[in-house]
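Summary of structural features
What follows is the residue order along each chain.
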Amino acid sequence: MKHAITYVAGLVPAFLLAAGLAGAADMTAGERQLYDAAKKEGSVTWYVSQTTTEFADGMCGLFKAKYAGVGCNVVRASGQVIFQRLVQELQAKAVQGDLMSTNDDGQMLQLKEQGALAQFAPENLKDMVPELRALADKDNYWITSGVSPLVIAYNTKLVTEAEAPKNWTDLADPKWKGQVAIGHPSFSGSVGLWTVLMNDLYGWDFFKNIEKNKPQIGRSVADGHNLVASGERKVALAPLPLILSDSMLKKVPIGVVYPTDGALLPPSATAILKDAPHPNAARLFENFLLGPEIAEYFAKDYRYPLRAGVPLAEGMRPLSSYKTKSIATADGIKKLPEVQEKFRDTFGI
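Keep in mind that what you see is a predicted model, and the values were worked out from it rather than measured.

Time to look at the packing of aromatic side chains. With the rule as written, the count across this model stands at 19 aromatic pairs. With centroids separated by 6.1 Å and ring planes inclined at 70°, the aromatic side chains of phenylalanine 207 and phenylalanine 343 adopt a geometry described as edge-to-face. You can see phenylalanine 207 sitting in helix α8 (residues 205-211) and its partner phenylalanine 343 sitting in helix α13 (residues 329-347), a full 136 residues away along the chain. Of the two residues, phenylalanine 207 and phenylalanine 343, neither departs from the other in class, the shared state being buried. Pairing tyrosine 258 with tyrosine 322 gives two aromatic rings, centres 4.6 Å apart and planes at 50°, and the pair type is tilted. You can see tyrosine 258 sitting in the loop between β10 (254-257) and β11 (263-264) and its partner tyrosine 322 sitting in the loop between α12 (292-300) and β13 (324-325), a full 64 residues away along the chain. Per residue, the accessibility class of tyrosine 258 equals that of tyrosine 322, and both read buried. Taken together, the aromatic side chains of Trp168, Trp194, Tyr202, Trp204, Phe206, Phe207, Phe343 and Phe347 make up a single cluster linked through ring pairs.

Pasting the structure below:
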């Protein structure tokens with residue numbers, strides 16, 4: 001993680017300066033109104049599984065630089081852990097978080113049906129990439145706050161491009177015995193959707209065959225990426241932005257395979273909680289997530305910017321250039337419990 005810490009520490013100050021220079025003078029009337037109300041509330045608390053702690057801290061740093069006097073607190077864990085924490089707070093009628101960001105929009109649909117979310121349409125929605133805006137809730141209970149395709153990572157010091165897997169079923173090849181890493185669908189929202197997708201495509205035999213290779217199973221989808229980056233495993237299920245950021249910016253020996261049978265495209269979603277302790281700060285922060293500072297921050301870290309007109313990082317492939325697959329929100333909710341139980345039975349954890 002040394003590389004990540006070094007990068008973020010070096011990147012954020014430049015953004016902080018830019019954001020600070022933009023400052024209050026560039027605010028719209030609506031943004032100014034939210035800012036004034038948010039200052040009275042003091043801070044915003046962000047429950048997030050969408051990205052790493054370091055990257056989320058960087059986003060909070062940009063927010064605090066632009067909106068002086070409004071604090072930003074990151075509470076980061078894997079998708080299911082954050083979701084269960086929020087569910088417990090709702091049951092106790094003691095909600096502590098203001099917003100939640102997740103890679104599993106099925107969680108958002110469940111919260112919406114429970115009446116736990118606040119309806120809000122940020123001003124910056126109008127500037128989003130139309131295809132990404134369309135992935136959000138039509139009633140404005142959540143926005144699309146990122147897209148991180150799940151692909152295959154391999155260690156380029158240990159595996160040549162020719163030897164690397166070409167599709168998901170290649171991970172079951174006996175030559176990868178003891179060399180595969182994946183996440184756990186009971187902890188990671190995006191891994192849960194990937195498990196549903198693999199079961200839809202190939203049936204449960206896919207996982208029975210993977211089990212024969214004795215994979216390393218982590219809680220977060222990022223765990224597999226980290227194991228490949230360190231050389232502890234050769235191949236893994238991993239988010240594309242982490243692979244590209246590490247390989248292009250930090251020269252980590254990690255390569256990407258765009259599976260011929262389709263990368264999973266789980267849209268990340270962010271919603272404001274109906275009982276948020278700091279509702280105005282939450283609205284200000286959600287609008288900020290769709291603003292120019294975050295779009296540029298994403299692009300510089302090899303993530304897909306949400307805002308139209310912001311170019312991709314050099315060498316980054318457009319989403320339309322490779323095969324992707326998605327799981328319908330209702331389908332994910334219906335099928336996830338069954339695959340989580342099967343996963344525990346098959347892998348024993």
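Having seen it, we continue.
Our next topic: the state of the cysteines. The tally for this structure, following the rule as stated, stands at one disulfide. Note that cysteine 60 is cross-linked by a disulfide to cysteine 72, the S-S spacing being 1.9 Å. Judged by the sign of its S-S torsion, about -55°, the cystine formed by cysteine 60 and cysteine 72 is left-handed. Residue cysteine 60 is located in helix α3 (residues 53-66), and its partner cysteine 72 is located in strand β2 (residues 71-76); the two are separated by 12 residues in the primary sequence. Accessibility classification places cysteine 60 together with cysteine 72 in one group, the buried group.

The rules we used
Numbering of residues begins from 1 in every chain and follows the order in which that chain's sequence is written. Predicted model: local features are reported for residues with pLDDT of at least 70 only, side-chain atom pairs are reported and counted for 80 or more only, and whole-chain, interface and lining totals are derived from all residues. Only hydrogens and water are set aside when side-chain values are computed; all heavy atoms of the structure are taken into account. Pairing of aromatic rings covers Phe, Tyr and the six-membered ring of Trp, with a centre-to-centre limit of 6.5 Å; geometry is then stacked below 30 degrees between planes, edge-to-face above 60, and tilted otherwise. Secondary structure counts use DSSP, requiring at least four H or I residues in a row for a helix and at least two E residues in a row for a strand, with both numbered from the N terminus. Exposed residues in this analysis have more than 50% of their type's maximum accessible area, buried residues have under 20%, and partly exposed residues fall in between, with area computed by a 1.4 Å probe over protein chains only. What counts as a disulfide here is a pair of cysteine sulfur atoms lying within 2.5 Å.

By themselves, these are just geometric observations and shouldn't be taken as functional.
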